[in-house]
Amino acid sequence: MFKYDFEEGVIKYFNKFLLICPLVLVSIVMFETRTNYIMSIFGESATSLEMGINTFFGRYPFEFDIGKKQIFLIPFEWLIIYAYLAMLIGDYFNNDLNGFGMLVMINSYNRGIWWCSKCLRIVFVSIGHFIVIWGTIISYEWIRYGKVSFVKNKQYFIETFGTQLNNLNINKLHIMLIVMPILVGIVQSLFQLVLNIYLKSDISMIIILGILVFSSYYSNKYIIHGYSMICRYCANYANYDFNPLDISFGMKYLFLLCVVLYIMGLFMIKRKDIM
């Protein structure tokens, strides 16, 4: 079962993984265009770390003020990354449930192995999705500048992202930038998988998109997608009511959600009538 899901649900999706690359490249080019003046002043070029921060920077939550004329811009680069991950998860689960997977569960009487295999598949898909994103960023820096670097520039970083991010420990910044987006992606995919047990895949997709839009506007330590936005870990001096997210709590919370969603899905799939 595990081999089947890896071959059919991961390996054969390789071409689909690559479709995110143009978006990442456009995001990088737009980022360099916006900061070209800063680069020319200090004679520094954007590193893979800084390109990655731009990709996962996100936005601060919307602050409603009836006395002000406000426009909130959704972080489209960030939103599309997670919306496309939901598309990669897609209808594979439902198709398998009504096909080969149904035969496996009927013949083996062990739905736990089948559910575990599906969960492992989404872990591989989620990790693969972000590997492709980072591979695109690293390849761009290597082709354009002939080097690959995961460090902060002395002046360019401060002028582009501010002193709060600059004061963070580099290891903590790496966790925020690499580990947390993947964890959020896995939790999102597990939740989508649980929804797919009783809902059609397109309905689950709509729910995920709604959650992504909601997460763009609002912030709370229990709203998972905030942990994949770099800016949400920093104070917002324009909104003193905003509470920055805590990376330590976030990691524990996301791991706990993974366990809860796995057990919940296992319980639901064992009770589902598959005939």
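This write-up is about the structure you can find in this document. (Residues numbered from 1 in each chain as written. Predicted model: local features only at pLDDT ≥ 70, side-chain atom pairs only at ≥ 80, totals over all residues. Heavy atoms only, no water.)

**A short note on the overall build of the chain**
Keep this limit in mind: Helix and strand labels come from DSSP, where a helix needs a run of H or I of at least four residues and a strand needs a run of E of at least two; each type is numbered from the N terminus. Three exposure classes are used, based on accessible area relative to the maximum for each residue type with a 1.4 Å probe and protein chains only: buried under 20%, partly exposed in between, and exposed over 50%. Note on contacts: a residue pair qualifies if any of its non-hydrogen atoms lie within 4.5 Å across the two residues. Working definition of accessibility: Shrake-Rupley area with a 1.4 Å probe, residue cover restricted to the visible protein chains.
Counting its regular elements, the chain contains 14 helices and zero strands. If you list the helices and strands of the chain from N to C, you get α-α-α-α-α-α-α-α-α-α-α-α-α-α. Counting across all 275 residues of the chain, residues that qualify as buried make up 48%. At a minimum sequence separation of 6, the contacts of the chain that also span at least 24 residues come to 77%. Of the roughly 14,000 Å² of accessible surface on the chain, 65% is carried by carbon and sulfur atoms.

**Some details on the nonpolar core**
Our working definition: In plain words, nonpolar cores are sets of buried Ala, Val, Leu, Ile, Met, Phe, Trp, Tyr and Cys residues tied together by side-chain atoms within 4.5 Å.
Counting 76 residues, the largest nonpolar core has Ile53, Trp115 and Leu165 as its most contacted members. When residues no more than four places from it in sequence are discounted, the contact partners of Leu165 are Ile53, Phe57, Lys152, Phe157, Leu173, Met176, Ile230 and Cys234.

**With respect to the packing of helix α12 (residues 170-198) against helix α14 (residues 247-271)**
So the rule is basically this: To obtain an axis, a line is fitted to C-alpha atoms, over the contacting stretch when the element is a helix, and the angle between two such axes runs from 0 to 180 degrees between their N-to-C directions. An angle below 35 degrees is treated as roughly parallel, one above 145 as roughly antiparallel, one from 65 to 115 as roughly perpendicular, and anything else as oblique. Helix crossings are classified by the rotation of the near helix relative to the far one: an anticlockwise turn of less than a right angle makes the crossing left-handed, while a clockwise turn makes it right-handed. The nonpolar class holds Ala, Val, Leu, Ile, Met, Phe, Trp, Tyr, Cys and Pro. Asp, Glu, Lys and Arg form the charged class, and all remaining residues, Gly among them, are polar.
Orientation of α12 relative to α14, taken along the N-to-C sense of each, is 20 degrees, at an axis distance of 9 Å. For the element pair α12 / α14, the angle class is roughly parallel. You can see that α12 and α14 cross each other, and the crossing is left-handed. Split by residue class, the contact of α12 with α14 holds 23 nonpolar, two polar and two charged.

**Observations concerning the pattern of salt bridges**
Inclusion rule: When a carboxyl oxygen of Asp or Glu lies within 4 Å of a side-chain nitrogen of Lys or Arg, that pair is called a salt bridge.
With the rule as written, the count across this model stands at two salt bridges. We note a salt bridge from Arg144 to Glu32, for which the minimum N-O separation is 3.0 Å. Taken together, the residues Arg144 in helix α9 (residues 111-145) and Glu32 in helix α3 (residues 21-34) connect sequence positions 112 residues apart. For Lys147, the salt bridge identified is with Glu141, shortest N-O distance 3.0 Å.

**A look at α12**
This is how it is decided: By this rule the span expected of a helix is its residue count minus one, scaled by 1.5 Å. Take the seven residues that end at a residue and the seven that start at it, fit an axis to each, and the angle between those axes is the bend at that residue. What qualifies as a polar contact is a pair of N or O atoms within 3.5 Å, subject to a donor-acceptor requirement within protein and to the restriction that residues adjacent in sequence count only when both atoms come from side chains.
With 29 residues, α12 should cover 42 Å at 1.5 Å per step; its first-to-last C-alpha distance of 43 Å lies within 8% of that length. In the structure, α12 departs most strongly from a straight axis at Val179, where the bend amounts to approximately 35 degrees and where the proline Pro181 lies between one and four residues downstream. Capping the start of α12 is the job of one residue whose side-chain oxygen sits 2.7 Å from the backbone nitrogen of Asn171: Asn169.

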